[in-house]
Structure formats: C-alpha cells, structure tokens
Amino acid sequence: MLTSGEVLIHDNAHPHSAAVTKRLLDGFEWDVFDHPAYNPDLAPSDYHLFPELRKMLGGQSFRTDDALQDAVKNHLKSLAANFYEQEIAAVLEKLEANSGKIAKQQRHIDALVSENIKLNSRFLKWEFKQDDQEQDGR
C-alpha cells in the first residue's frame, strides 16, 4: 500500500500537475520532486544504465546515501569497457536509422516547397496577366 515517507520524482505533465493528483499525493504524505523538462543531467544515452543498476541494487539496502553512492560508483567503474561500447554503438545505430528517416522527410518537404513555389509563380503570372488585361481594357 502507498505509505508516507516515499519520494516521487515526476515531470510537469498535466496528469502529474492536476489538482486532483496533487491532493492525492498530499494525502499519501509523499515528498514530491519535479523532474525538470529537458534536464541536461539525464540524456537518453544514459538509459541503458538503469536495468544494470536495478539488477545490481535489487534486494540491497544501504544505511547512508554515501554508502549507496559508493556502491553505484564502484559498480559502474567495474563494468567492462565493452558494456559502454555496445550501448554507444546501439545509440549510434538508432541515430543513423533516424537520420535516414529525417533525410527522406526533408526530401518530401523540399518537393512540397518546390511545388508551392511553382504554384505561387503561376498565380503571380496569372495575377499580372489579369492586371494587364484590366489596364488594356480601360
């Protein structure tokens, strides 16, 4: 069951910041810390560390924050270099796949812009032709 003394970290998404949610969390007597949007302290390239840390920390308890920090630092230092290399390679692979999609979308946008320019040019020519005809008719 939900009890007091828990700490919740979340962003400012509407469901998290709604009055009813705030009242509910106040009722549980939880400490609530907002995780700022676009926090530079946490990049997507760090996400691969969470399952590894969960596995390492599972079932353990620490008497002090310092003991927890030391355990995490020591574990991360003990990981083989290829653990990091594999994850960096996976991130690069995703970036390359996305860059192909972005290039395809850019070509589509370029084609739309080009078509729009042609249509605008035709319209302006038509508009000038209409103006010339009106002037000639006067």
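Residues numbered from 1 in each chain as written. Predicted model: local features only at pLDDT ≥ 70, side-chain atom pairs only at ≥ 80, totals over all residues. Heavy atoms only, no water.

(A) Here's a closer look at the overall build of the protein chain. Within the protein chain, the secondary structure is distributed over five helices and two strands. Along the protein chain, helices (α) and strands (β) appear in the sequence β-α-α-β-α-α-α when read from the amino end. For the protein chain, the proportion of its 138 residues judged to be buried stands at 12%. Of the contacts made within the protein chain by residues no fewer than 6 positions apart, 55% connect residues no fewer than 24 positions apart. (Helix = DSSP H or I, 4+ residues; strand = E, 2+ residues; numbered from the N terminus. Buried < 20%, exposed > 50% of the residue type's maximum accessible area, 1.4 Å probe, protein only. Contact = heavy atoms within 4.5 Å.)

(B) Structural detail: a nonpolar patch on the surface. Judged by side-chain polarity, Ile 88, Val 91, Leu 92 and Leu 95 come together as a nonpolar surface patch covering roughly 350 Å² of accessible area. Mapped onto the elements of the fold, Leu 92 is located in helix α5 (residues 81-137). Assessed through its relative accessible area of 45%, Leu 92 is described here as partly exposed. (Patch = residues over 30% accessible without salt bridge, like charges linked within 9 Å, V, L, I, M, F, W, Y side chains within 5 Å. Areas by Shrake-Rupley, 256 points an atom, 1.4 Å probe, with all protein chains shown as cover. Salt bridge = Lys/Arg side-chain N within 4 Å of Asp/Glu carboxyl O.)

(C) Focus on the confidence of the model for the protein chain. Chain-level statistics for the protein chain give a pLDDT mean of 76 and a share of 80% at 70 or above. Ranking the elements of the protein chain by mean pLDDT puts strand β1 (residues 7-10) last with 68 and helix α4 (residues 65-78) first with 89. (pLDDT = per-residue confidence, 0-100.)

(D) Local environment of the side chain of His 75. Counting through the fold element by element, His 75 comes out in helix α4. Excluding anything up to four places from it in sequence, His 75 contacts Glu 52, Leu 53 and Met 56.

(E) A look at the packing of helix α3 (residues 49-57) against α4. Their axes nearest at 11 Å, the elements α3 and α4 cross at an angle of 120°. Considering the angle they form, α3 stands oblique to α4. The chirality of how α3 crosses α4 is right-handed. Here Leu 49, Glu 52, Leu 53, Met 56 and Leu 57 of α3 come into contact with α4, specifically with Leu 68, Ala 71, Val 72, His 75 and Leu 76. (Axes fitted to C-alpha atoms, helices over the stretch in contact; angles between N-to-C directions. Parallel < 35°, antiparallel > 145°, perpendicular 65-115°, else oblique. Left-handed = near helix turned anticlockwise from the far one by under 90°.)

(F) α3, seen in detail. Residues of α3 that are buried include every one of Leu 49, Glu 52, Leu 53 and Met 56, and no others. Down the axis of α3, the buried set is contained in an arc of 95°. They therefore lie on one face. Residues of α3 that are exposed and point over 90 degrees away from its buried face: Pro 51, Arg 54 and Lys 55. (Arc of directions from axis to C-beta.)

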